[in-house]
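Understanding the architecture of this molecule
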2 protein chains.
Amino acid sequence: MANEELDYRKMSILKAVIDDYIETQEPVGSRTIAKKYDMGLSSATIRNEMADLEELGYLSQPHTSAGRIPSEKGYRLYVDKLMKLEDKLGFEPTAEELEDVKVRMQHEIGEMSDQIRVASELVSRLTEYTSIAISGAADGTQRIKALQVVPVEPGKALAVIVLDDDSVKNAIIQHDKAISPETLMKVSTHCNLLFAGHRVEEISMNMINSVSEATGVARTALMPVIDGIFECIKKAADTEVHTEGAVKFLSHPEFSDVGKAKGILELLNREDLMIDLIKECSTSDGLVIRIGSENKIEGLNECSVVTATYSVNGVKLGTIGVLGPTRMDYPRVVAALEYVRKRLTGGSNLEAPEGMAMLPGGGSAEITEVK
Amino acid sequence: MANEELDYRKMSILKAVIDDYIETQEPVGSRTIAKKYDMGLSSATIRNEMADLEELGYLSQPHTSAGRIPSEKGYRLYVDKLMKLEDKLGFEPTAEELEDVKVRMQHEIGEMSDQIRVASELVSRLTEYTSIAISGAADGTQRIKALQVVPVEPGKALAVIVLDDDSVKNAIIQHDKAISPETLMKVSTHCNLLFAGHRVEEISMNMINSVSEATGVARTALMPVIDGIFECIKKAADTEVHTEGAVKFLSHPEFSDVGKAKGILELLNREDLMIDLIKECSTSDGLVIRIGSENKIEGLNECSVVTATYSVNGVKLGTIGVLGPTRMDYPRVVAALEYVRKRLTGGSNLEAPEGMAMLPGGGSAEITEVK
DNA sequence: GTTAGCACTCGACGCAATAGAGTGCTAACA
DNA sequence: TGTTAGCACTCTATTGCGTCGAGTGCTAAC
């Protein structure tokens, strides 16, 4: 705990101010610090130090006769050096909750890898903030586990592919009625042999010749089927987003103005923006914290984002981001994301949590500083 | 246009009051009516009539020196007898919008029948209110078009079923590794033959014997596979909900209080409640309007719901409901739902709209009165 | 039956006075 | 030299009060 321009006492006071502000959401005055946090100093001394901290840019004043609130620079120092993580979840998920999550992770399957979606729900519940999940790598490196063309009715079929994160993509195919179900199955089997185990990015249009030759189906008749398969692959390459707990923004006093709240919720609906937001942070493998205007999305200047990317057995499941007001409870958010990491990467077996002992005790070398 | 207790003049005035209130969202006074709506009457006369209307329960006063606002009884009469529907959409969807909708309806496929979901998006955009869509019949009467078990990797497979509304359900299967892909295919083919064309409700557990006998696979080994298929069927029987434009609630002055808005948005997230809400109205085939406390959900007393159920070729696609403040623009909502009906039931070909000439001209025998 | 006129009611708005929280500064103190 | 007590000052939030205006209900005249 050292800093080029701040001594121990200043840092203690800064930490106390931010802790208190996170807790109360109100500007904090020198008297409060002197009384609530036992520093052995009078309010006057703390006042002087706070004036210094303001001059250095770590704190600011909404107006002359109010207490201080942290600046972005203050938060930055706080998350990098000051905050304590122990015991920040405050409560443990109940056994039922865990059982529920466990069941859903094992049994459900859908467009997005459900593990990451369920994890996102859990994070939102633990933190009381909005959580945004984006699916897997979505960079073409996912592998295809299986592919099948299912005949549905004359002239109609369904293309299905399963990816390595167990997510499923499908697309309807309208084809020439002359193609029999048997022929479709033959095409299906051939394509499966051809693609299974390969990366999405490796699949090219040239395959159509090979399939046509191997199955004896005319190229033109085959086109719709191939198109359907490609549509699946295109879907696999699309990043998917899932937002959980958007309403929670309305609980924060920062957004008690309906106009502001509306602005944020509208942004949350913009999937393209959210993908950018989370993806930009997901380059690193550790936790990434972006404070206030550090994220580049217009209208999210008063928000912070904390993201964590999850992989199981080398397969990138996706990235979960927590979005909340700049004054969010960073320790709690970091604790929640770390907690979920243990749950996910420790295999799919969700045991009862052993409290927060698993979390890094004090400072946090694990947090990657961005920008 | 007749009513046991109201003469023509009273009804005209009531209609004028409600039209104006829907437009301005402010209590409307006698002077406004006299000036804006050319009735050939002085404000004093209208004042007297309005006092009568209040006494009869069609209008009410927020406070002594304010204008009148419609009561639920007033709205009821309005939607049943008074409102005019012509030209209420006010604008037509642009060609690009229609093209977009068309493309999505044809190409996408997913858990919920996409037609109904895309239609719901359109309704929300046309009305500027929140739209809630629930999927198909979900009463066990849907037919299975196709069923297939897709081998994914040793010990893992995927069950896929396609229903008659072209929605797809799937479930992951963890099975005995001893079952080879070939055996799985055999099971798959057998089940498909057994189930295709049948209703979901007809499928019973007894099938396991038949499948076991026909394929020569031991019953116990077959269990996980059958379970997977049943999970699909269970999903098919689950009603799915899709909410569109929830944020739009924040645009209505009625919900400029964040607490109120939060309450509503939280209700909107309660899928079970929304299903009940929409389902309850979807018994009828026509449009159903529920005003204020006519719907039974606590916390939705200040909201109205208008629902329409859509079927194509006898297959029930689902029900779309519009949820908005009691003071919603009923004519516009009805017009939008009817417009979408023409689009959906007129086949999937979405031509450019021919204006609102297609809408019923005046009174609306098509609207089912509930309760 | 309709209308003009008028007194009355009640919320919305603007303004000034007040209370309270917190600061910065100065002077005294260890 | 660093710390603290005291005090004047600043600024916000709240409250109370007077005014304005919209709209009503009632009465009397047409």
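Residues numbered from 1 in each chain as written. Chains lettered and ligands numbered in written order. Predicted model: local features only at pLDDT ≥ 70, side-chain atom pairs only at ≥ 80, totals over all residues. Heavy atoms only, no water.

Residues other than glycine seldom take positive phi values, yet aspartate 166 of chain A does so here, at roughly 70°. By the element assignment, aspartate 166 of chain A lies in the loop between strand 5 (156–163) and strand 6 (168–174). For aspartate 166 of chain A, a relative accessible area of 18% puts it in the buried group. You will see that glutamine 25 of chain B, though not glycine, has its phi angle at about 65°, which is positive. (Helix = DSSP H or I, 4+ residues; strand = E, 2+ residues; numbered from the N terminus. Buried < 20%, exposed > 50% of the residue type's maximum accessible area, 1.4 Å probe, protein only.)

The transform that puts chain B on chain A rotates by 180° and translates by 0.1 Å along the axis, for an RMSD of 0.1 Å. Expressed as a symmetry operation, the mapping of one chain copy onto the other fits a two-fold axis. When C-alpha positions in chain B are compared against the rotation axis, the closest is assigned to valine 258 of chain B, at 3.0 Å. (Least-squares fit on C-alpha atoms with pLDDT ≥ 70 in both.)

What follows covers the domain arrangement of chain A. Residue and element names in this part refer to chain A. For chain A, the assigned domains read domain 1 (3–82), domain 2 (90–138 + 240–367) and domain 3 (144–237). Tallying the contact residues gives nine residues for domain 1 and 15 residues for domain 2. Carbon and sulfur atoms supply 59% of the area that domain 1 and domain 2 bury against each other, a total of about 1100 Å² over both sides. Taken as a group, Glu72, Arg76 and Val79 account for 45% of the area that domain 1 buries against domain 2, more than any other trio of residues on that side. Here arginine 76 makes a salt bridge to glutamate 294, at a shortest N to O gap of 2.7 Å. Where domain 1 packs against domain 2, one counts three residue pairs in polar contact (both at pLDDT 80 or more). Listed by contribution, the elements that provide at least two residues to the side of domain 1 that touches domain 2 are helix 1 (8–24) and helix 4 (72–82). Here the element with the most residues in the side of domain 1 that touches domain 2 is helix 4; it accounts for six residues. (Domains from an automatic or database assignment. Contact = heavy atoms within 4.5 Å. Buried area = accessible area lost by both parts, 1.4 Å probe. Salt bridge = Lys/Arg side-chain N within 4 Å of Asp/Glu carboxyl O. Polar contact = N/O pair within 3.5 Å; in protein donor to acceptor, adjacent residues only side chain to side chain.)

Within the structure, DNA strand C sits among 20 residues, and Ser30 of chain A together with Arg9, Thr45, Thr64 and Ser65 of chain B are positioned closest to it. In DNA strand C, atoms within 4 Å of the protein come 75% from sugar and phosphate. One nitrogen or oxygen atom from the main chain of alanine 66 of chain A is found 3.5 Å from a sugar or linking oxygen belonging to DNA strand C. Between arginine 47 of chain B and DNA strand C, the recorded distance is 3.2 Å, taken from a side-chain N or O atom to a base oxygen. With four residues, the single largest contributor to the surface near DNA strand C is helix 3 (residues 43–55) of chain B. Here the residues of the surface near DNA strand C are counted per class, giving four nonpolar, twelve polar and four charged. (Near = heavy atom within 4 Å. Nonpolar A, V, L, I, M, F, W, Y, C, P; charged D, E, K, R; others polar.)

Below, the discussion takes up the interface of chain B and chain A. The partner chain A presents 34 residues to the 34 residues of chain B that form the contact. Taking both sides of the interface into account, the surface hidden between chain B and chain A amounts to around 3000 Å²; carbon and sulfur atoms contribute 63%. Inspection of the region where chain B meets chain A yields four salt bridges. Here aspartate 166 of chain B ties to lysine 156 of chain A by a salt bridge, and the two come within 2.5 Å at their closest N and O atoms. Here chain B is connected to chain A by six residue pairs in polar contact (both at pLDDT 80 or more). A total of seven residues in the side of chain B that touches chain A trace back to one element, the largest contributor, which is strand 4 (residues 144–153) of chain B. When grouped by side-chain class, the residues that make up the side of chain B that touches chain A number 18 nonpolar, seven polar and nine charged.

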